[in-house]
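So you can see what is in the structure, the chains are spelled out below.
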Amino acid sequence: MYKNHRISLVMPCYNEEHGLPQVLGDLPSIVDEVVVADNNSTDRTAEVAKSFGAIVVTEKKQGYGAAYKTGLCRATGDIIVTMDGDGTYPRNFIPILLDVMIDENFDFITCDRTGHKDKPSNRLRVFGNDVLNFFIWILFWFNVRDSQSGMWVFRRWVLGHLSLTSDGMAFSEEIKLEAMSKKKLIRSIELPVYYKERHGVSKLRIWRDGFYNLFFLFRKRFGLLGQAPPLVEPSSRNLQKQSNA
Ligand SMILES: Nc1nc2c(ncn2[C@@H]2O[C@H](COP(=O)(O)OP(=O)(O)OP(=O)(O)O)[C@@H](O)[C@H]2O)c(=O)[nH]1
Ligand SMILES: [Mg+2]
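Residue numbers run consecutively from 1 along every chain, following the written order of its sequence. Whichever chain is written first is A, and whichever ligand is written first is 1; the rest continue in order. Totals for whole chains, interfaces and linings use every residue, but because this is a predicted model, local features are given only for residues with pLDDT of at least 70 and side-chain atom pairs only at 80 or more, for both listing and counting.

**Focus: the overall build of the protein chain**
Only DSSP runs of H or I with at least four residues qualify as helices, and only runs of E with at least two residues qualify as strands; both kinds are numbered from the N terminus onward. If you tally the helices and strands in the protein chain, you get 8 helices and 7 strands. Expected size for 245 residues packed as a compact globule is a radius of gyration near 18 Å; at 17 Å, the protein chain falls within 12% of this value. In the protein chain, which comprises 245 residues, the share counted as buried stands at 42%. Relative to all contacts within the protein chain whose residues are 6 or more apart in sequence, the contacts with residues 24 or more apart total 78%. Only C-alpha atoms enter the radius of gyration, while the globule expectation follows 2.2 Å times N to the 0.38, with N the number of residues. Neighbour counting defines burial: a residue surrounded by 20 or more other C-beta atoms within 10 Å of its own C-beta is buried, one with 12 or fewer is exposed, and intermediate counts give partly exposed, using backbone-placed C-beta atoms. Here, residues touch in the contact sense if the C-beta positions derived from the backbone fall within 7 Å of one another.

This is the structure:
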């Protein structure tokens, strides 16, 4: 619990037996529930997650977005925090981000890793991210510094107002597009975080995922993806507001 809010952490995991102990080993105690969305992992991901007390949900359909949707539906907290199961995102930033959210009354926070990602080994990723950020600006008219980051903090009712169609890596840019474009309903902000080298093998296929995510932006912009049903009942925003009042 944090300031009367129940906190869930949701992580999509595909073969993260090496990364998960890093994440789950130093989680702040304010996190009430951890949901690991496992996707046909062939290593000990599920066992490791359970050994730390996490709830493991299984999604047979392969993909980052497919796993996230299943994991998010299982989360019961008032506020949901997400991150990769690889140790890259800072667990000790969770209370700070929650402070900003609760004290400043934000509904959706997306984290920006760009200040800590500019190492030679990452140049191509940083460039790809910049290209995608640029197209988001061109196509959707809003600024985001790190459209591909996987750490978000948001009130659970927000899920009732998003159309999340992507089952793949494009889920990351789609959740930001959906939340940040609904300015009247959802108060959003992008905040910088620290970012470390991952443990275990990367699942990102840079060229394939990069071009796919770019193509996805065009399809989203021109309405070719249709509407996905919300992951929670849309009315839950009002219930949430009432219970916090
Ligand atoms: N459940 C599930 N999780 C996935 C899948 N692909 C990737 N993931 C997870 O999604 C998260 C993001 O994947 P990463 O390989 O870390 O991709 P990335 O963060 O862009 O790249 P790195 O900087 O190398 O970590 C990790 O926790 C992965 O285990 C998938 O198909 N299914
Ligand atoms: Mg990662």
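More follows now that the structure is in view.
**Describing the packing of helix 5 (residues 123-140) against helix 7 (residues 206-221)**
Running from amino to carboxyl end, helix 5 crosses helix 7 at an angle of 5 degrees, the nearest separation of the two axes being 10 Å. Taken as axis vectors, helix 5 and helix 7 run roughly parallel relative to one another. Between helix 5 and helix 7, the residues in contact are L124, R125, G128, V131, L132, F135, I136, L139 and F140 and I206, G210, N213, L214, L217 and R221, respectively. For the contact of helix 5 with helix 7, the class distribution of residues is 10 nonpolar, 3 polar and 2 charged. Note on geometry: axes are lines fitted to C-alpha atoms, helical ones only across the stretch in contact, with angles between N-to-C directions running from 0 to 180 degrees. For this classification, under 35 degrees means roughly parallel, over 145 means roughly antiparallel, 65 to 115 means roughly perpendicular, and everything else is oblique. Throughout, the ten residues Ala, Val, Leu, Ile, Met, Phe, Trp, Tyr, Cys and Pro are labelled nonpolar, Asp, Glu, Lys and Arg are labelled charged, and all others, Gly among them, are labelled polar.

**Quick notes on the environment of Q227**
Mapped onto the secondary structure, Q227 falls in the loop between helix 7 and helix 8 (236-244). Of the residues examined, Q227 has 9 C-beta atoms within 10 Å and is grouped as exposed. For Q227 and F52, which are 175 residues apart along the polypeptide, the C-alpha to C-alpha distance reads 37 Å.

**Remarks on the packing of helix 5 against helix 6 (residues 171-181)**
Interhelical geometry of helix 5 versus helix 6 gives an angle of 35 degrees and a closest axis separation of 13 Å. Every pair of crossing elements has a handedness; the one defined by helix 5 and helix 6 is right-handed. For the pair helix 5 and helix 6, contact is made by L132, I136 and F140 and by E173, L177 and S181, respectively. For any pair of crossing helices, the crossing counts as left-handed if the nearer helix is rotated counterclockwise from the farther one by less than a right angle, and right-handed if it is rotated clockwise.

**Looking at the site of ligand 1**
Near ligand 1 there are 20 residues, and of these N39, A67, D84, S202 and K203 occur at the shortest range. Looking at the shell around ligand 1, the elements that each hand over two or more residues are strand 1 (7-13) and helix 3 (64-74). Within the shell around ligand 1, the residues separate by chemical class into 8 nonpolar, 7 polar and 5 charged. Only the C-beta atom matters for this test: placed from the backbone, it must lie within 6 Å of a molecule or strand for the residue to be near it.

**Some words on unusual backbone geometry**
The general pattern is negative phi for most residues beyond glycine and trans for most peptide bonds. Of note, the phi angle at N4 is positive, near 70 degrees, even though the residue is not glycine. As for its position among the elements, N4 is in the segment before strand 1. Judged by the 9 C-beta atoms lying within 10 Å of it, N4 is exposed. Look at N40: it is not a glycine, yet its phi comes out positive at around 60 degrees. Looking at the secondary structure, you find N40 in the loop between strand 2 (33-38) and helix 2 (45-51). A tally of 13 C-beta atoms within 10 Å means that N40 is categorised as partly exposed.

**Some thoughts on the pairing of strand 3 (residues 55-58)**
By the bridge criterion, 4 bridges tie strand 2 to strand 3 in an arrangement that is parallel. Of the residues in strand 3, the one forming a bridge with V36 is V56. With respect to chirality, the unit in which strand 2 leads through helix 2 into the neighbouring parallel strand 3 is right-handed. When DSSP finds at least two bridges between two strands, those strands are taken to pair. With the strands aimed away from the viewer, a crossover counts as right-handed if its path from the first strand over the helix to the second runs clockwise.

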